[in-house]
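# Remarks on the overall topology
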Amino acid sequence: MFDALIIGGGAAGMSCALVLGSAKDKVYAKDKRIGIIMHQKTSHLQEALFNNVLGITPGTKGQSILDSGKDQLSTLYPHVEQITKEKVKTIEKTELGFKVITNKRDYNCKLVVIAVGYTNLLTIKGLKHYVEPHPKAAIEKDRIWLKNNDHLVDEGLYVAGTLAGWRSQFAIASGSGAHVATDILTLWNGGQHTKVHDKI
Ligand SMILES: Cc1cc2nc3c(=O)[nH]c(=O)nc-3n(C[C@H](O)[C@H](O)[C@H](O)COP(=O)(O)OP(=O)(O)OC[C@H]3O[C@@H](n4cnc5c(N)ncnc54)[C@H](O)[C@@H]3O)c2cc1C
């Protein structure tokens with residue numbers, strides 16, 4: 001049973017995983033099982049070139065962020081389980097949370113974060129009735145969002161990144177993933193607001 005399972009290894013999903021992982025020494029998070037379905041094949045980062053993101057060297061390719069993000073997560077926070085070469089097909093509600101079904105196996109989890117991007121190619125069964133036209137994208141692009149209130153789609157079901165209804169900019173998608181992570185950490189902390197800062 002995962003305490004939190006993130007679906008999607010793009011900007012929002014990896015940012016969420018890094019912030020959740022970074023809470024490893026906090027009492028409220030230390031025994032939590034965290035996972036990420038690290039599917040990257042359809043990330044918008046694949047084609048992107050970054051010159052306008054604070055902290056990222058101009059000229060950085062999205063593909064190198066996909067690779068370095070995975071490495072950063074496994075080096076600094078190896079307790080966050082990276083599930084590779086799997087794609088999510090179905091999400092079902094269960095008594096204790098959710099069952100996430102991939103093309104290879106099933107995972108039970110208490111909380112799910114969906115971070116699979118805003119294309120209308122979303123084919124995950126169990127999410128269809130949350131899907132609406134994206135509120136902040138050009139209509140002819142046919143983008144979608146999962147209707148949510150401050151990233152919460154339903155009890156225990158979060159959405160992050162462009163699929164949460166944000167415009168497609170790297171910093172916004174990453175920030176959305178980090179935002180969801182701090183919401184989950186706050187939940188684990190009994191509702192007391194929390195964040196994770198490292199200091200010099
Ligand atoms: C050509 C291009 C250039 C860009 N240039 C810039 C720029 O200069 N500056 C800027 O700020 N932004 C830029 N962007 C935008 C930026 O890349 C996106 O805003 C950002 O990647 C969105 O993050 P996301 O996490 O919402 O989606 P993504 O990064 O697309 O991540 C979604 C992830 O979900 C995974 N996934 C999909 N379906 C499933 C499934 N069924 N199961 C499991 N995983 C799944 C995908 O493989 C992917 O890894 C550019 C985008 C493009 C396409």
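Scroll up to find the structure this text is about.
These numbers were taken from a predicted model, which means no experiment stands behind them.

### Observations regarding the overall build of the chain
Within the chain, the regular secondary structure consists of three helices and 12 strands. Taken against the 2.2 N^0.38 rule, which gives 16 Å for 200 residues, the C-alpha radius of gyration of the chain at 16 Å falls within 12% of a compact globule. Seen through its C-alpha atoms, the chain measures out along the principal axes to roughly 45 × 45 × 35 Å. The burial tally for the chain puts 47% of its 200 residues in the buried class. For the chain, long-range pairs separated by at least 24 residues make up 60% of all intrachain contacts whose partners lie at least 6 apart in sequence. When the accessible surface of the chain is summed, it comes to about 11000 Å², and 51% of that surface belongs to carbon and sulfur atoms. Within the chain, one finds 25 positive and 19 negative side-chain charges whose respective centroids are separated by 3 Å.

### Digging into the site of the ligand
Near the ligand lie 31 residues; those nearest to it are His 39, Thr 162, Ser 168, Gln 169 and Phe 170. In the environment of the ligand, an oxygen atom lies 3.4 Å from a nitrogen or oxygen atom belonging to the backbone of Lys 41. Between the ligand and Ser 43 there is a distance of 2.9 Å, counted from an oxygen atom to a side-chain nitrogen or oxygen. Judged by the proximity of its atoms to the pocket grid, the ligand belongs to the largest pocket. Sorting the residues of the shell around the ligand by element identifies helix 1 (11-21), strand 3 (49-50) and helix 3 (170-188) as the ones contributing at least two each. Grouping the amino acids of the shell around the ligand by side-chain chemistry returns 14 nonpolar, 14 polar and three charged.

### Observations regarding the layout of surface pockets
Approximately 830 Å³ is the volume attributed to the largest pocket. In terms of lining, the largest pocket is formed by 38 residues, of which the most central are Thr 42, Ser 43, His 44, Val 116 and Gly 117. Where the lining of the largest pocket is concerned, the elements lending two or more residues are helix 1 and helix 3. When residues of the lining of the largest pocket are assigned to their parent elements, the largest contribution, three residues, is made by helix 3.

### Re the state of the cysteines
Throughout the structure, instances matching the rule amount to zero disulfides. In this structure Cys 16 is not part of a disulfide, and its nearest cysteine sulfur, from Cys 109, lies 13 Å away. Cys 109 gets classed as buried once you look at its relative accessible area, which sits at 1%.

### A short note on the nonpolar core
Counting 37 residues, the largest nonpolar core has Leu 20 and Trp 188 as its most contacted members. Mapped onto this core, the elements with two or more residues apiece are strand 1 (2-7), helix 1, strand 2 (34-37), helix 2 (62-76), strand 8 (106-114) and helix 3. Considering each element in turn, this core owes the most residues, eight residues, to helix 1. Within the second largest apolar cluster, 24 residues are counted, among which are Cys 109, Leu 127, Tyr 130 and Val 159.

### Regarding a positive patch on the surface
A surface patch of positive charge is lined by Lys 41, Lys 85, Lys 87, Lys 89, Lys 104, Lys 125 and Lys 128. Note on placement: Lys 87 falls in the loop between strand 5 (81-83) and strand 6 (88-93).

### Structural notes on the environment of Leu 146
Locating Leu 146 in the fold gives a position in strand 10 (residues 144-146). Taking the C-alpha atoms as reference points, Leu 146 and Tyr 158, separated by 12 residues in sequence, lie 9.3 Å from one another. In this structure, Leu 146 is in contact with Ile 114, Leu 122, Leu 127, Tyr 130, Val 131, Val 153, Val 159 and Leu 163, ignoring residues within four places of it in sequence.

How each quantity is defined
- Residues numbered from 1 in each chain as written.
- Predicted model: local features only at pLDDT ≥ 70, side-chain atom pairs only at ≥ 80, totals over all residues.
- Heavy atoms only, no water.
- Helix = DSSP H or I, 4+ residues; strand = E, 2+ residues; numbered from the N terminus.
- Rg over C-alpha atoms; globule rule 2.2 N^0.38 Å.
- Buried < 20%, exposed > 50% of the residue type's maximum accessible area, 1.4 Å probe, protein only.
- Contact = heavy atoms within 4.5 Å.
- Areas by Shrake-Rupley, 256 points an atom, 1.4 Å probe, with all protein chains shown as cover.
- Lys, Arg positive; Asp, Glu negative; His and termini not counted.
- Charge placed at Lys NZ, Arg CZ, Asp CG, Glu CD.
- Near = heavy atom within 4 Å.
- Polar contact = N/O pair within 3.5 Å; in protein donor to acceptor, adjacent residues only side chain to side chain.
- 1 Å grid on protein atoms, 1.4 Å probe; cavity = no way out; pocket = protein on both sides within 12 Å on 5 of 7 lines; lining within 4 Å.
- Sits in = over half its atoms within 2 Å of the grid points.
- Nonpolar A, V, L, I, M, F, W, Y, C, P; charged D, E, K, R; others polar.
- Points joined across faces, edges and corners; volume = space filled by probe spheres on them.
- Disulfide = S-S within 2.5 Å.
- Core = buried A, V, L, I, M, F, W, Y, C linked by side-chain atoms within 4.5 Å.
- Patch = residues over 30% accessible without salt bridge, like charges linked within 9 Å, V, L, I, M, F, W, Y side chains within 5 Å.
- Salt bridge = Lys/Arg side-chain N within 4 Å of Asp/Glu carboxyl O.

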